[in-house]
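The residues making up each chain are set out below.
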Amino acid sequence: MQAKLVKVIPVLESPDIDRDVAWYKEKTGFEVSFLHEKMYAGLYREDLEIHLQWHAGTKDDPMNGGAVIRIDVKNIKALFEEFKQRGTVTDKDLRENTPWGTNEFAFHDLNSNAIFISEDIA
């Protein structure tokens, strides 16, 4: 079965998830779809979705200096196998049945941007 790309979700850095969720609600009309341990939040408005991820903003922060996007898919294993054949990921990169209800894998591009490929399993 072929993989199907469903949507792209920008993941924005946030040093203070609670503060930034409140700002997005007040200033942009986005509503909270989920909040995971004050480290990661999903916001939506109509058919749009953005995520906020906590980052320290220091040189030790692995995401410092790069953007993050999440690409939601259906049939992630087919896409994972394709990316494995391309040399983008290895067998150990697929995380199945995460505590937040996904199967996913990730990689960085040449500019330290993180690309997460995710499939909801709920």
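Preceding this section is the structure that the text describes.
An account of the accompanying structure is given in this report. No experiment lies behind these values; they were computed from the predicted model shown. (Residues numbered from 1 in each chain as written. Predicted model: local features only at pLDDT ≥ 70, side-chain atom pairs only at ≥ 80, totals over all residues. Heavy atoms only, no water.)

### Looking at unusual backbone geometry
Counted only if it meets this: In this text, helices come from DSSP runs of H or I with a minimum length of four residues, and strands from runs of E with a minimum of two, each type numbered from the N-terminal end. Exposure classes here rest on a 1.4 Å probe applied to the protein chains alone. A residue is buried below 20% of its type maximum, exposed above 50%, and partly exposed in between.
Within the chain, Glu 37 stands out as a residue other than glycine whose phi angle is a positive 50 degrees. Summarising the element assignment, Glu 37 is placed in the loop between strand S2 (31-36) and strand S3 (40-45). On the basis of relative accessible area, Glu 37 is assigned to the exposed category, the value being 63%. The phi dihedral of Glu 46 falls on the positive side, at around 55 degrees, and the residue is not glycine. Tracing the chain through its elements places Glu 46 in the loop between S3 and strand S4 (48-54).

### Observations regarding the environment of Asp 91
What counts is decided by this rule: Here, residues are in contact when the closest pair of their heavy atoms is within 4.5 Å.
Tracing the backbone through its elements, the reader meets Asp 91 in the loop between helix H2 (76-85) and strand S6 (102-108). With a relative accessible area of 58%, Asp 91 lands in the exposed category. Taking the C-alpha atoms as reference, Asp 91 lies 9.9 Å from Phe 105; in sequence the two are 14 residues apart. Apart from the residues within four sequence positions on either side, Asp 91 is in contact with Phe 80 and Lys 84.

### Re helix H1 (residues 17-28)
Structurally, the α-helix is built with 3.6 residues per turn, so residues lying three or four positions apart point the same way. To keep it simple, the criterion reads: One less than the residue count of a helix, multiplied by 1.5 Å, gives the span that helix is expected to have. Within this analysis, the arc is defined by the directions that extend from the helix axis to the C-beta atoms. Polar contact criterion, stated in full: a pair of N or O atoms within 3.5 Å, where within protein one must be able to donate a hydrogen and the other to accept it, and residues adjacent in sequence count only if both atoms are side-chain atoms.
In a regular helix each residue adds 1.5 Å, so 12 residues correspond to 16 Å; H1 covers 16 Å between its end C-alpha atoms and thus fits that length. Within H1 the residues assigned to the buried category are Ile 17, Asp 20, Val 21 and Tyr 24. End-on view of H1: buried residues confined to an arc of 105 degrees, all on one side of the axis. Along H1, the residues that are exposed and aim more than 90 degrees away from the buried face are Glu 26 and Lys 27. Taken together, the buried residues of H1 touch strand S1 (4-14), S2, S3 and S4. The N-capping residue of H1, defined by a side-chain oxygen 3.4 Å from the backbone nitrogen of Asp 18, is Asp 16. Of the residues trailing H1, Gly 29 is marked for its positive phi of about 80 degrees.

### Focus: the pattern of salt bridges
Counted only if it meets this: For salt bridges, the criterion is a side-chain nitrogen of Lys or Arg within 4 Å of an Asp or Glu carboxyl oxygen.
A full pass over the atoms with the stated rule returns 12 salt bridges. A salt bridge links Lys 84 to Glu 81, with the nearest nitrogen and oxygen atoms 3.3 Å apart. Here Lys 84 pairs with Glu 81, and both are found in helix H2, just three residues apart, close to one helical turn. In this structure, the salt-bridge partner of Lys 92 is Asp 93, at a minimum N-O distance of 3.8 Å. Residue classification places Asp 93 among the partly exposed positions, given a relative accessible area of 22%.

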